[in-house]
4 protein chains.
Amino acid sequence: MCGVFGIANHPEAANLTYLGLHALQHRGQESAGVVTSEGGTLHAVRKMGLVADVFSKEQLASLRGSVGIGHVRYSTAGGSLPKNVQPLTAEYRHGAVALAHNGNLVNAELLRTKLEAEGAIFSSNSDTEVILQLMARCNETTLAGRLAWALERVQGAYSLVMTSEDRLLVARDPHGFRPLILGRMRTSPHAYVVASETCAFDLIEAERIRDIEPGEVLTIDGAQLVSQHLPPAPPRFCVFEHVYFARPDSRLNDEGVYDLRVRMGAKLAQESPVEADMVIPVPDSGVVAALGYARESGIPFELGLIRNHYVGRTFIEPKDSIRNFGVKLKLNPVPGLLKGKRVIVVDDSIVRGTTSRKIVKMIRDAGAREVHVRISSPPVKSPCFYGIDTPTRAELIAHSHSPAEIARYITADSAAYLSSKGLAEAVREGPERRFCDACFTGDYPIPFDPPTHRRQLRLVEF
Amino acid sequence: MCGVFGIANHPEAANLTYLGLHALQHRGQESAGVVTSEGGTLHAVRKMGLVADVFSKEQLASLRGSVGIGHVRYSTAGGSLPKNVQPLTAEYRHGAVALAHNGNLVNAELLRTKLEAEGAIFSSNSDTEVILQLMARCNETTLAGRLAWALERVQGAYSLVMTSEDRLLVARDPHGFRPLILGRMRTSPHAYVVASETCAFDLIEAERIRDIEPGEVLTIDGAQLVSQHLPPAPPRFCVFEHVYFARPDSRLNDEGVYDLRVRMGAKLAQESPVEADMVIPVPDSGVVAALGYARESGIPFELGLIRNHYVGRTFIEPKDSIRNFGVKLKLNPVPGLLKGKRVIVVDDSIVRGTTSRKIVKMIRDAGAREVHVRISSPPVKSPCFYGIDTPTRAELIAHSHSPAEIARYITADSAAYLSSKGLAEAVREGPERRFCDACFTGDYPIPFDPPTHRRQLRLVEF
Amino acid sequence: MCGVFGIANHPEAANLTYLGLHALQHRGQESAGVVTSEGGTLHAVRKMGLVADVFSKEQLASLRGSVGIGHVRYSTAGGSLPKNVQPLTAEYRHGAVALAHNGNLVNAELLRTKLEAEGAIFSSNSDTEVILQLMARCNETTLAGRLAWALERVQGAYSLVMTSEDRLLVARDPHGFRPLILGRMRTSPHAYVVASETCAFDLIEAERIRDIEPGEVLTIDGAQLVSQHLPPAPPRFCVFEHVYFARPDSRLNDEGVYDLRVRMGAKLAQESPVEADMVIPVPDSGVVAALGYARESGIPFELGLIRNHYVGRTFIEPKDSIRNFGVKLKLNPVPGLLKGKRVIVVDDSIVRGTTSRKIVKMIRDAGAREVHVRISSPPVKSPCFYGIDTPTRAELIAHSHSPAEIARYITADSAAYLSSKGLAEAVREGPERRFCDACFTGDYPIPFDPPTHRRQLRLVEF
Amino acid sequence: MCGVFGIANHPEAANLTYLGLHALQHRGQESAGVVTSEGGTLHAVRKMGLVADVFSKEQLASLRGSVGIGHVRYSTAGGSLPKNVQPLTAEYRHGAVALAHNGNLVNAELLRTKLEAEGAIFSSNSDTEVILQLMARCNETTLAGRLAWALERVQGAYSLVMTSEDRLLVARDPHGFRPLILGRMRTSPHAYVVASETCAFDLIEAERIRDIEPGEVLTIDGAQLVSQHLPPAPPRFCVFEHVYFARPDSRLNDEGVYDLRVRMGAKLAQESPVEADMVIPVPDSGVVAALGYARESGIPFELGLIRNHYVGRTFIEPKDSIRNFGVKLKLNPVPGLLKGKRVIVVDDSIVRGTTSRKIVKMIRDAGAREVHVRISSPPVKSPCFYGIDTPTRAELIAHSHSPAEIARYITADSAAYLSSKGLAEAVREGPERRFCDACFTGDYPIPFDPPTHRRQLRLVEF
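Residues numbered from 1 in each chain as written. Chains lettered and ligands numbered in written order. Predicted model: local features only at pLDDT ≥ 70, side-chain atom pairs only at ≥ 80, totals over all residues.

1. A short note on the relation of the copies chain C and chain A
With an RMSD of 0.0 Å, the fit of chain C onto chain A corresponds to turning through 180° and sliding 0.0 Å along the axis. In short, the pair behaves as if placed about a two-fold rotation axis. Residue by residue, 100% of the interface of chain C is reproduced at the interface of chain A, so both copies engage with the same surface. (Least-squares fit on C-alpha atoms with pLDDT ≥ 70 in both. Contact = placed C-beta atoms within 7 Å.)

2. Observations regarding the arrangement of the chains
Where chain B comes nearest to chain C, the C-alpha atoms are still 13 Å apart, and the two do not contact one another. For chain A and chain D, which are not in contact, the least C-alpha distance works out to 12 Å.

3. Some remarks on the sheet that holds strand β13 (residues 224-229) of chain C
Residue and element names in this part refer to chain C. A sheet is described by the order of its strands in space; here 6 strands give the open sequence β5-β6-β7-β8-β12-β13, paired in antiparallel fashion. Looking at which strands have only one partner, the edges of the open sheet turn out to be β5 (88-92) and β13. The mean angle between the axes of side-by-side strands here comes to 20°, regardless of whether they run parallel or antiparallel. Of the pairings in the sheet, the one linking β5 to strand β6 (residues 95-105) comprises 5 bridges and is antiparallel in character. The residue bridging leucine 88 from the neighbouring strand is leucine 99, located in β6. Sitting on the sheet, helix α5 (residues 129-137) touches β5 and β6, and the angle it makes with β5 is about 15°. (Pairing = 2+ DSSP bridges. Helix = DSSP H or I, 4+ residues; strand = E, 2+ residues; numbered from the N terminus. Axes fitted to C-alpha atoms, helices over the stretch in contact; angles between N-to-C directions.)

4. Some words on the confidence of the model for chain A
Residues and elements named next belong to chain A. On average, residues of chain A score 91 in pLDDT, and 93% of them reach the 70 mark or higher. The low-confidence segment residues 312-324, where pLDDT is below 50, has 15 contacts with residues more than four positions distant or belonging to other chains. Across the whole predicted complex the pTM is 0.89, and at the interface the ipTM reaches 0.92. (pLDDT = per-residue confidence, 0-100.)

5. A closer look at the relation of the copies chain A and chain B
Superposing chain A onto chain B requires a rotation of 180° together with a translation of 0.0 Å along the rotation axis, leaving an RMSD of 0.0 Å. In this assembly the copies share their binding face: 100% of the residues contributing to the interface of chain A also contribute to that of chain B.

Structure follows, in structure tokens:
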């Protein structure tokens with residue numbers, strides 16, 4: 001997962017990009033970067049670490065220019081290496097260009113092999129660099145033309161922001177897998193912004209105009225907005241953004257995430273009721289759905305697990321060995337509260353099952369009489385190839401186990417998932433399909449053969 | 001505010017102290033330190049910063065010894081300087097000694113002036129050092145004797161842990177202002193631990209034995225526990241620990257903090273009801289009381305303000321200029337949810353009123369029709385001199401303004417506080433007074449004249 | 001100026017490369033880097049700074065493999081940027097490759113423009129990268145074939161070391177501008193080493209075998225050495241290596257540098273005698289020639305200027321503003337010694353004249369009655385395009401001023417240079433020309449039109 | 001060894017102190033510090049490392065005030081710990097005070113034990129702190145009075161600078177072991193400076209006024225200089241300053257160090273001649289004496305060993321294990337030059353003999369036919385207790401071995417030392433004894449019983 005941000009026509013482009021990345025920090029904590037455009041020159045600051053640690057005051061001040069793009073990354077393709085920190089930059093015959101990307105390209109390796117055979121030298125392991133390499137080989141005379149030409153040749157998920165020649169370019173893949181929203185500064189109506197989520201607009205006092213359309217390539221040149229469109233494809237917005245990734249105070253596809261999550265919880269209560277004394281969420285991701293469940297079921301809502309916020313987010317930690325210890329470091333049951341009680345625990349998803357197992361065990365150790373696990377989305381059975389860093393199919397517990405078997409493994413008295421139908425209703429999908437739910441169904445909008453593989457590491461920098 | 005931790009008789013003293021500090025991080029984010037005792041030698045790591053950043057793996061490994069003490073600090077007396085990072089250490093004629101302190105001594109300046117007149121050189125600005133200087137001048141033959149002798153001469157609030165001569169010493173002032181709890185490792189029953197809150201025990205799998213008694217000086221020497229007592233005084237446990245500071249999953253005075261906060265919210269709903277469409281907390285401190293208010297009033301509970309957890313805690317930031325900006329950085333209303341609604345906002349306290357004003361404004365900007373502020377404790381009218389870093393009386397809005405005036409200032413439709421009686425009932429105070437509530441009442445258990453003042457800075461280290 | 005080092009077939013390749021760079025530190029203090037080859041994987045550590053600061057013990061330990069190359073850099077082409085730190089690395093279709101280069105390519109910009117027009121993306125501003133880009137486009141089947149193919153297309157000065165596919169490749173341009181010497185470890189005869197100067201061999205206890213021949217491309221594959229040759233050109237070894245750059249304890253072209261510098265000083269004494277009380281060098285570069293001058297003239301040698309070795313080398317500092325101050329920081333006359341004396345000051349060269357002026361002034365301030373400047377090489381009138389970072393022609397004082405005018409500018413009683421003939425005799429040039437002396441004569445072995453220019457900076461990283 | 005610097009009445013006190021420390025860097029490379037006085041407030045920057053690395057531009061700018069003191073340290077008493085970095089500072093009843101000290105107190109441990117018994121807490125292991133602790137206990141009403149009172153109670157070697165109450169205080173022990181010189185800024189005649197060596201004056205364009213007298217306590221208060229004197233003692237200036245420590249461009253006791261070293265070399269040539277082809281110094285310490293030897297003997301002077309100046313000074317490295325390797329890292333013979341030659345190697349002293357042995361071996365490996373070692377001072381047989389960090393008697397090779405035995409150990413054909421008489425003549429000692437030569441003779445000016453010992457480390461900070 002990643003978050004992107006862009007701004008044009010604002011004297012404080014770097015500072016606003018920095019703030020925008022703060023609001024998007026939940027989408028990636030591994031690295032952060034900002035590039036600004038000042039005349040023909042790009043200025044860049046990029047580093048491993050959180051936004052608050054990556055940028056010094058002095059560095060921000062040196063990021064001059066009125067166009068800025070930024071990126072927070074949790075690594076998907078490319079691996080956890082300094083050279084993959086985005087925005088990627090390159091110098092090609094038309095000058096310097098910077099690009100930040102949320103998503104994942106499924107034909108990146110094929111294209112890379114082909115480009116290398118023609119003599120290309122890549123400076124990163126990132127799939128994103130393929131777009132730059134294609135642009136460098138393209139004979140289109142305009143920047144937008146080169147970007148569109150390159151995007152017609154890649155397949156997969158991308159919401160991207162680019163700057164070169166003092167312009168801001170924005171594009172979203174034809175399926176529209178990842179969110180990307182256009183806004184403008186309230187106090188400066190010709191200063192346009194784009195971001196992965198609207199919560200970034202709220203912080204900087206920008207207002208939402210509309211979503212960037214699937215397949216749209218938008219050039220912001222001064223106060224002028226020019227749109228082009230890639231060949232169309234059916235819309236497939238990632239439903240997992242609604243289930244887990246997005247912040248609940250964001251609006252995606254003009255829907256409030258908070259509201260949809262309350263609906264998921266309520267549907268879940270309708271589908272999988274159970275007698276109990278309290279509903280508790282796994283914080284923070286399960287909180288809103290748990291509220292919906294509690295309200296629908298009439299069972300009291302309690303914050304039975306307290307989270308220590310000085311340690312990072314579970315799902316997003318790179319190494320498994322840390323994660324197991326992380327449950328203990330992050331969550332602690334409220335003593336006394338759970339003693340002798342029948343407890344419903346609500347979470348957004350189960351991936352490997354190891355974390356859920358530890359949580360259930362923790363709740364039982366705190367004296368709960370019964371523990372019922374309720375998940376506000378269907379079972380995750382298939383890996384995502386469009387930008388979410390899920391493990392392989394074999395590691396996904398729901399790929400090979402039924403809910404009853406999962407309940408047994410995680411030592412719960414019962415375990416139930418929201419049905420696909422329930423999820424569809426919660427997110428208000430109409431008769432026309434709008435969402436990608438490949439992680440639940442294995443129904444991939446973009447087929448690929450052979451499957452995406454990771455390139456062997458051939459160069460290691462210490 | 002600060003947090004302290006100590007452990008004796010465990011081969012992994014440093015690692016467990018480090019984990020204990022992780023669990024106590026909410027009590028202080030400015031600096032952290034661990035000192036271990038190995039034979040006559042003390043090993044120390046201390047630095048400005050969060051626990052996760054202060055200690056490297058290598059440094060932890062070099063902290064050998066079976067006794068460890070640790071401290072997380074948010075500066076009160078002494079100022080925000082590297083030389084004040086605790087545990088303080090000193091070498092005196094009986095060897096090396098380390099001391100970590102939660103609380104504030106009210107006669108520290110008087111004692112310091114007197115000691116300096118006799119030739120003492122202080123190496124910090126911290127009030128805590130007075131205890132070490134007194135011990136260095138004492139002729140008692142035992143370590144515990146020297147500590148007790150020094151403590152008989154200081155006045156104020158202290159929960160402290162000390163190590164020297166391979167022993168762990170623990171003490172709590174006669175009023176018992178700050179919490180301090182004794183426990184033991186489940187898997188290693190002769191390994192004793194002490195901590196400011198029980199949540200530190202949960203993380204390391206220790207169990208609570210009992211609170212350290214007010215006025216108790218406890219020496220843990222090998223597997224032996226020896227208690228002495230200072231001259232007694234009436235118990236005055238800080239009620240604000242229950243209202244705000246402690247983690248809700250901690251038990252203090254053998255009471256669950258979560259439960260007491262639910263009760264505060266419920267009492268508040270009884271005392272100050274108002275018709276509304278939803279109850280929302282100011283996260284995180286107001287969440288549990290808001291649950292209690294919502295449940296008692298029957299008005300739906302919603303998480304109307306979303307907190308960005310990648311930025312630190314409001315009340316605990318050192319500089320006002322950062323804090324105002326911090327509200328925007330930390331909290332964002334859920335768009336749509338509040339539109340046209342009558343909203344009750346629950347928080348634990350109002351200090352200067354500037355933050356509350358911004359929050360109310362934010363909620364109104366999100367479309368709320370009415371905003372009613374409800375505070376789960378009485379008005380804070382007087383500064384704390386026992387370890388909480390409150391501003392001077394003049395800056396406390398409730399010192400000079402009525403709730404109605406405060407409501408006007410913060411632009412709320414109404415504002416109400418929990419009454420003193422309501423708070424007393426919520427925390428189950430009986431006919432015998434047990435709590436210090438000087439911040440609400442101005443009734444200080446330890447008088448002082450002239451008031452505590454900060455020594456002018458005479459030495460600045462860059 | 002730069003220094004390169006390479007080693008093959010030794011289990012401690014990284015450590016020996018690190019030591020070799022220590023011995024070559026005088027050739028470049030801006031950055032340092034080591035890359036090792038372990039099977040198909042390259043391991044790299046590269047950073048701005050001195051060798052002693054760039055590499056930690058842990059990083060050296062992680063540089064596994066039996067082939068190593070290293071580089072110390074004082075920037076010439078490419079600018080003082082982290083991304084230009086060598087060895088450069090790239091991944092192309094045949095795997096990962098690393099390259100370190102001493103010298104300067106005169107057609108790099110032309111080639112870069114051409115390659116970019118064909119779609120190449122460069123990841124550095126360094127002229128060296130052109131070689132990698134050419135190799136990536138070449139269809140030769142062997143590594144050595146690709147390197148030779150690329151080198152046939154570049155023009156200029158290069159002594160280079162490369163590693164890929166677990167081999168060490170070494171090449172020197174057909175004119176042999178820069179030194180490069182082959183040796184072997186005394187204790188491990190199949191472990192071959194190459195270095196810019198023999199002083200690197202002395203430190204690691206290697207012995208010199210022979211110079212790499214001009215135009216030679218040597219592949220070291222296991223214990224096998226295979227040579228190829230580029231189209232031949234007349235030998236043009238940089239005579240300034242003998243005059244200034246090389247360490248006096250090095251042997252270049254099988255000549256001892258110390259001996260040649262003594263000869264330069266002696267020739268200078270013969271050509272430009274003057275009555276005086278003492279000969280003093282400008283330390284360290286003028287010391288050996290001053291010894292020769294003193295010995296030939298019979299005038300006593302004194303160390304009249306003492307150098308503070310805790311500050312870096314004059315000529316090699318990047319910014320003019322620092323250099324002027326640097327004279328004061330670095331050199332101090334011995335008080336008393338110079339008082340009332342007629343002093344001959346010997347230095348290796350005069351570039352802008354500003355430093356010499358300050359030195360002469362300093363000597364006069366110390367009481368010298370007469371100051372005669374003697375330079376152990378001819379006047380530097382033309383910039384070097386083959387790897388030495390000289391200023392433009394307009395800044396070179398000797399380009400537009402006679403020795404008499406220079407004497408006046410630097411406030412010396414007299415100033416004299418070694419003649420071209422004298423220099424030729426000192427370095428034992430026979431009837432056949434062997435040296436490049438373009439900086440003295442403007443007679444450039446490789447013509448170029450238009451002149452090499454620096455590419456505008458289009459991407460700045462903070 | 002250490003170096004101290006002080007300045008009063010100059011608006012750029014911090015910058016000039018910083019430059020002064022640069023010039024004194026050869027006296028200590030372990031740590032550096034500057035403290036300035038601005039009204040009653042002291043500002044401090046102190047750190048382990050070289051002057052160039054310790055101070056950032058920002059930190060220097062924050063050192064406000066017109067009085068500055070500085071210190072470079074190579075640890076003697078106190079050990080290599082951050083808390084011992086000087087200037088030491090303390091806050092006592094009269095305000096803040098800072099003190100920097102070159103030398104060593106022989107009764108520091110006795111005084112410390114006594115002070116601790118009275119309740120003193122020391123914040124460092126440094127002997128220097130005893131002076132501060134004594135001052136804190138003194139009832140004198142003036143700052144100079146307190147300093148003099150304290151100094152009357154300590155014994156040993158000290159040249160010290162102190163600042164408090166916006167004054168600069170300067171003192172030298174009654175024997176005058178260590179140098180300390182008074183000067184004034186040429187351009188600002190009321191700005192007084194003091195430094196360990198005059199080379200610090202040269203850099204900042206100050207002129208020498210006179211030496212601080214042995215036993216003098218000088219207060220510089222505004223433009224006023226007030227002297228007091230401690231009880232007198234016979235002068236005992238450390239002759240080893242002339243032999244080794246001081247920079248050759250310094251004047252100590254109004255004698256030029258360079259001149260005295262030339263004389264030592266010449267005397268040595270008279271006393272211990274030998275037929276040879278060349279005289280070579282061990283750089284840098286032996287260079288000037290070797291010049292004197294060569295001139296007197298008529299044997300050619302050659303720089304046969306080249307030093308790599310990017311690695312620090314031999315004698316001054318803290319750990320033996322590094323030092324041995326250091327010889328190889330630092331010195332390299334000029335190849336060819338020594339082949340088949342009879343070589344005289346001149347150095348200033350032999351301590352353990354291990355380094356000399358390696359150097360002789362290196363010269364033989366380079367082909368020398370004979371190697372004769374000549375030392376420009378008498379054999380070092382006894383440790384120094386007055387500020388030079390020599391090893392214990394047992395480790396000093398000359399304590400138990402004759403020159404002939406030493407020659408055999410270091411594998412030289414002959415070894416000879418300058419006689420005590422020769423040294424006395426070289427440094428122009430008259431019939432009245434002026435120098436301390438305890439390291440050569442064991443004749444200690446200040447007796448002590450029991451011998452100075454190092455306090456066990458009781459507190460370790462990582």
